[in-house]
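Summary of structural features
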Amino acid sequence: MAAPDIDTRKTEAKDCPVCQGTGEVARTVRVGRKRRAVGEQSGLCLNCLGTGADPNPDA
């Protein structure tokens, strides 16, 4: 019996539009009662959950 002809090529993964493929985004650090911004720290990209790949490649 012959093997079925199935296309097994994987599509090239696109970078996440939010983090540009790094998996991290800058988050503002706020302190004090007036919540003033004092700096930034790196945080996990919630769009791709740190993978760096576009979660919606078809869109």
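See above for the structure.
Now for a look at the structure at hand. Just so it is clear, the structure is predicted and the values come from calculations on it, not from any experiment.

Conventions and cut-offs
Residues numbered from 1 in each chain as written. Predicted model: local features only at pLDDT ≥ 70, side-chain atom pairs only at ≥ 80, totals over all residues. Heavy atoms only, no water. Pairing = 2+ DSSP bridges. Helix = DSSP H or I, 4+ residues; strand = E, 2+ residues; numbered from the N terminus. Buried < 20%, exposed > 50% of the residue type's maximum accessible area, 1.4 Å probe, protein only. Polar contact = N/O pair within 3.5 Å; in protein donor to acceptor, adjacent residues only side chain to side chain. Disulfide = S-S within 2.5 Å. Contact = heavy atoms within 4.5 Å.

1. Some thoughts on the pairing of strand β1 (residues 24-31)
In terms of strand pairing, β1 meets strand β2 (residues 36-44) through eight bridges, oriented antiparallel. Within the sheet, the bridge partner assigned to Arg 30 lies in β2 and is Ala 37.

2. Examining the environment of Thr 51
When you line up the elements, Thr 51 lands in the segment after β2. For Thr 51, a relative accessible area of 60% corresponds to the exposed category. Once the C-alpha coordinates of Thr 51 and Cys 19 are considered, the two residues, 32 residues apart in sequence, prove to be 9.8 Å apart. Only 3.4 Å separates the side chain of Thr 51 from the backbone nitrogen of Ala 53, close enough to count as a polar contact.

3. Some points on the state of the cysteines
Two cysteines form a disulfide when their sulfur atoms are joined by a covalent bond. Enumeration according to the criterion identifies zero disulfides in this entry. Of all cysteine sulfurs in the structure, the one in Cys 48 sits closest to Cys 19, which takes part in no disulfide; the separation is 3.8 Å. With relative accessibility at 3%, the residue Cys 19 sits in the buried group.

4. Here we look at unusual backbone geometry
Positive phi outside glycine occurs at Arg 35, with the angle close to 55 degrees. Secondary-structure assignment places Arg 35 in the loop between β1 and β2. Within the chain, Leu 49 stands out as a residue other than glycine whose phi angle is a positive 55 degrees. Mapped onto the secondary structure, Leu 49 falls in the segment after β2. Taking the relative accessible area as the measure of exposure, Leu 49 reaches 60% and is therefore exposed.

5. Re the environment of Val 31
When you line up the elements, Val 31 lands in strand β1. Among all residues touching Val 31, those that are not within four sequence positions of it are Arg 36 and Val 38.

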